[in-house]
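What follows is each chain in one-letter form.
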There are 4 protein chains.
Amino acid sequence: MMFLKFHSLDENKQQRILNAAIKVYVQKGYDLASTNEIVKEAGISKGLLFHYFQNKKTLYLYVFDYCMGLVVTDFYEKVDMQEPDFFERMRHINLVKMELLNRYPDLFRFLESAYLEMSSEIRPEFQERLKKFSESNTDQLFAHLDTSKFKNGLDIQKAIKSVLWTFEGFSAEVLGRAKAMQLDQPDYEAAYKEADAYIEMFKRCFYK
Amino acid sequence: MMFLKFHSLDENKQQRILNAAIKVYVQKGYDLASTNEIVKEAGISKGLLFHYFQNKKTLYLYVFDYCMGLVVTDFYEKVDMQEPDFFERMRHINLVKMELLNRYPDLFRFLESAYLEMSSEIRPEFQERLKKFSESNTDQLFAHLDTSKFKNGLDIQKAIKSVLWTFEGFSAEVLGRAKAMQLDQPDYEAAYKEADAYIEMFKRCFYK
Amino acid sequence: MMFLKFHSLDENKQQRILNAAIKVYVQKGYDLASTNEIVKEAGISKGLLFHYFQNKKTLYLYVFDYCMGLVVTDFYEKVDMQEPDFFERMRHINLVKMELLNRYPDLFRFLESAYLEMSSEIRPEFQERLKKFSESNTDQLFAHLDTSKFKNGLDIQKAIKSVLWTFEGFSAEVLGRAKAMQLDQPDYEAAYKEADAYIEMFKRCFYK
Amino acid sequence: MMFLKFHSLDENKQQRILNAAIKVYVQKGYDLASTNEIVKEAGISKGLLFHYFQNKKTLYLYVFDYCMGLVVTDFYEKVDMQEPDFFERMRHINLVKMELLNRYPDLFRFLESAYLEMSSEIRPEFQERLKKFSESNTDQLFAHLDTSKFKNGLDIQKAIKSVLWTFEGFSAEVLGRAKAMQLDQPDYEAAYKEADAYIEMFKRCFYK
DNA sequence: AATGAATGAGGCTTCATTCAT
DNA sequence: CATGAATGAAGCCTCATTCAT
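Residues numbered from 1 in each chain as written. Chains lettered and ligands numbered in written order. Predicted model: local features only at pLDDT ≥ 70, side-chain atom pairs only at ≥ 80, totals over all residues. Heavy atoms only, no water.

- Taking an unreviewed UniProt entry as the reference, chain A is identified by name as TetR/AcrR family transcriptional regulator belonging to Fictibacillus iocasae.

## A closer look at the relation of the copies chain A and chain B
- In the superposition of chain A on chain B (RMSD 0.6 Å, axial shift 0.3 Å), the rotation amounts to 177 degrees. The transformation just described matches what one would write down for a two-fold rotation axis. Minimal C-alpha distance to the rotation axis in chain A is attained by Cys205(A), lying at 2.4 Å.
- When the interface residues of chain A are mapped onto chain B, 90% of them are again interface residues, pointing to one common binding face. (Least-squares fit on C-alpha atoms with pLDDT ≥ 70 in both. Contact = heavy atoms within 4.5 Å.)

## Section: the interface of chain C and chain D
- Listed by partner, the interface residues are 31 residues for chain C and 32 residues for chain D.
- When chain C packs against chain D, close to 2900 Å² is buried across both sides, 64% of that on carbon and sulfur atoms.
- Between Lys161(D) and Glu173(C) there is a salt bridge, and its shortest N-O distance comes to 3.0 Å.
- On inspection of chain C and its partner chain D, the count reaches four residue pairs in polar contact (both at pLDDT 80 or more). (Buried area = accessible area lost by both parts, 1.4 Å probe. Salt bridge = Lys/Arg side-chain N within 4 Å of Asp/Glu carboxyl O. Polar contact = N/O pair within 3.5 Å; in protein donor to acceptor, adjacent residues only side chain to side chain.)

## Section: the protein's contact with DNA strand E
- Residues in close proximity to DNA strand E total 33 residues, the closest being Thr35(A), Lys13(B), His51(B), His51(C) and Thr35(D).
- Near the protein, meaning within 4 Å, the atoms of DNA strand E are sugar or phosphate in a fraction of 62%, with bases accounting for the rest.
- Within the side chain of Thr35(A), one N or O atom sits 2.7 Å away from a phosphate oxygen of DNA strand E.
- Lys56(A) is positioned such that a nitrogen or oxygen atom in its backbone is 2.7 Å from a phosphate oxygen of DNA strand E.
- Contributing elements (two or more residues each) for the surface near DNA strand E: helix 4 (46-52) of chain A, helix 4 (46-52) of chain B, helix 4 (46-52) of chain C together with helix 3 (35-42) and helix 4 (46-52) of chain D.
- Per-class residue counts for the surface near DNA strand E are 11 nonpolar, 14 polar and eight charged. (Near = heavy atom within 4 Å. Helix = DSSP H or I, 4+ residues; strand = E, 2+ residues; numbered from the N terminus. Nonpolar A, V, L, I, M, F, W, Y, C, P; charged D, E, K, R; others polar.)

## A look at the arrangement of the chains
- Contact between chain A and chain C is absent, and the least distance between their C-alpha atoms amounts to 31 Å.
- In this view chain A stays clear of chain D, with the nearest C-alpha atoms of the two still 11 Å from each other.

## With respect to the protein's contact with DNA strand F
- DNA strand F sits among 32 residues. The nearest are Thr35(C), Lys56(C), Lys13(D), His51(D) and Tyr52(D).
- At 2.7 Å, a side-chain N or O of Thr35(C) approaches a phosphate oxygen of DNA strand F.
- Between a base nitrogen of DNA strand F and a main-chain N or O atom of Gly47(D), the distance comes to 3.4 Å.
- When contributions to the surface near DNA strand F are tallied by element, the ones reaching two or more residues are helix 4 of chain A, helix 3 (35-42) and helix 4 of chain B, helix 4 of chain C together with helix 4 of chain D.

## Brief notes about the packing of aromatic side chains
- Inspection of the entire model under this criterion finds 93 aromatic pairs over all chains.
- Ring centres of Phe64(D) and Phe126(D) lie 4.7 Å apart, and the angle between their planes is 65 degrees; this geometry places the pair in the edge-to-face category. Of the two residues, Phe64(D) is situated in helix 5 (residues 56-78) and Phe126(D) in helix 8 (residues 123-141); the sequence distance between them amounts to 62 residues.
- Under the relative-accessibility criterion, Phe64(D) is labelled buried at 3%.
- Aromatic rings pair up to connect Tyr25(A), Tyr30(A), Tyr60(A), Phe64(A), Phe110(A) and Phe126(A) into one cluster.
- A cation over an aromatic ring shows up here: Lys56(A) above the ring of Tyr30(A), its NZ or CZ 4.8 Å from the ring centre.
- Directly above the ring of Tyr198(C) sits Lys158(D), whose terminal nitrogen or CZ lies 5.3 Å from the centroid. (Phe/Tyr/Trp six-rings, centres within 6.5 Å; stacked < 30°, edge-to-face > 60°. Buried < 20%, exposed > 50% of the residue type's maximum accessible area, 1.4 Å probe, protein only. Lys NZ or Arg CZ within 6 Å of the ring centre and 35° of its normal.)

Following this line, the structure appears as structure tokens:
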């Protein structure tokens, strides 16, 4: 479609451009990320960037799709969708997440920052992509569960949401603590253990 | 201190300026919010804005403090800090929140957007304010609870955090649904009832 | 004429305004001196300044005339115009200068800075004043000299000019040295002695 | 280093930009010289100026170095440093100066105005350059002189300084007279002759 | 007389984007 | 393909000056 030109480019240079864009977007956010800085970081000329990408927005969205693609592919490959027990699956998802965070720290950082991106220039087009993704996400990720173990009369949708939101909050807390301690990355090992404690708690409380 | 000039201004005009700033900041986020747009919206000259506020950052922080001040004052006035039962207190907090959301929809929207503000220009000074606030917030809001009703052996800190994160997530969901349905405001009545269902669930599961 | 309003003002306040203006003009130079800073320093309102002085330029020129007036009056009062010997008169002038520098350090600093003022807004009107003054200055200051002691055939105008320029250069050197050593004021005592050495040299060389 | 971009530019356009900057800086001084005026004069866009020069200050300093470079190179190439007689060397220096003034009238005007530049934004970085230059200047220019011809017991440092200050003053006088007569340039021929008369006077008085 | 709110032009600088080479 | 010179709108902010009170 639109990015044929870019894809037919020397793979090495493709990477340089993508990494440069990721780095700068993560550091500055969409608005303050200047194409100047990106091309300098990538070691290419100003003109070339706009030869491959119509404009700044297109580049951002492309980078987003690229990161999402990589991460999601890996993610779904690794998550065991056969596991019928919700908490076991949750535990597994946490594990895979940690692995991916370790493996693609930059991509994740970018996706994370993209998720918080406020720029009104990017938001509309962006929200769409996120919604489409997160729908399939939650639905697929937690389909075909064995709900029989939950306490009788419990609203299982609500219970699951609580757990998911708890882990969202917990992730933010972990990242926040790491930032507060000036660490480049959180201690994922420890985080995983703490996450497990939450799982055990929920299991004890939500299951019969 | 510094804002005497502004405070001694015609109350009507103060409001016009604050509302204009809130509106533009919410719409665009800090970086993209242009002072040009703010003054146009407020119907004042460029110079006047900087007569009252040293610079864009100062204005933002002032608006934040203003909103926070109003909301927080009202909030703590209304929350019953004597209630020893965690879930009753939570329920009460939810109620008060809904009332405030109804009363100050714009201020809340601003505070919410401020909470997500990534701009590196604003973050440092901002984080400080947030930390100071959120410390007193969570600490005071949930001090002197009767923890004896929780299941034995439960990590009460974790339990409370789960509940808080759940309501954070739930709030976001409610706002998101409203936005998706193009409503100007969520149906707070309904939301309050749904929140209550979450509380009942947690009560049943976390209490003895 | 124009400054009647100002002159009929409480003497104390007049001084406050003048001193404030002098201070700020010396610190910043004409262009960067902001009327804001001046009124703050003087403790008066913005409007009042422009009530008394049409505009910034008028104020500057008024301050200049004020300083020049004070200094010049004192200067001519003290210089002994009867002394017929050029070098004795020169020596005396140096002495009086030092006294005045000690007495009116701020006024002098202002006059000095005014002399170097480049601002194209001020220059034209200013140059005029300077020329008018320096003509009468040099002429009057060195009228009625006993020129018979100079070496025969010497161009006395040139000789005198050399001496004057030498002392101009020497003054600049003294000020420069003081600034380089971070002193607030030069050591006028020492400077006077060194100036005397120059006089002796010239006397020996230019006189018969 | 930093100005490669500018140097690799069409020589013609380089000149247009430099001349425009020189012209405006001379006319207005640093602070009042507006980049707007410079680009209009140079016939380029606002953006381009900042494409080549980080900011206004950098441009000024570049222009200064450019002028200084040109003038100084030419100057030292032409001054005969072998001449052991102080006054002969002085005479030669005057001659070379006049030639340069004729050849680079604008550059000189700029350097002269730069020397008086008071702007606190420019001064610090600037003083450094001047000191470095003037040290080598006076020292080198008057090294290896035959001092045996001076009158016995004369403080030769003082004598030389007098002569230098005299010529500083004389230069200012010449420029001032030209400006007063609305000439674009002084009559250098006449000035050179008058300078010679000063030299003869000093020679007669300071030498044995 | 005195205040200080209000103005708006103008200052420097950044930046996405285009285009001739 | 690739470059980087060139553009000009837009951003934040300052400042002398005016004017209603």
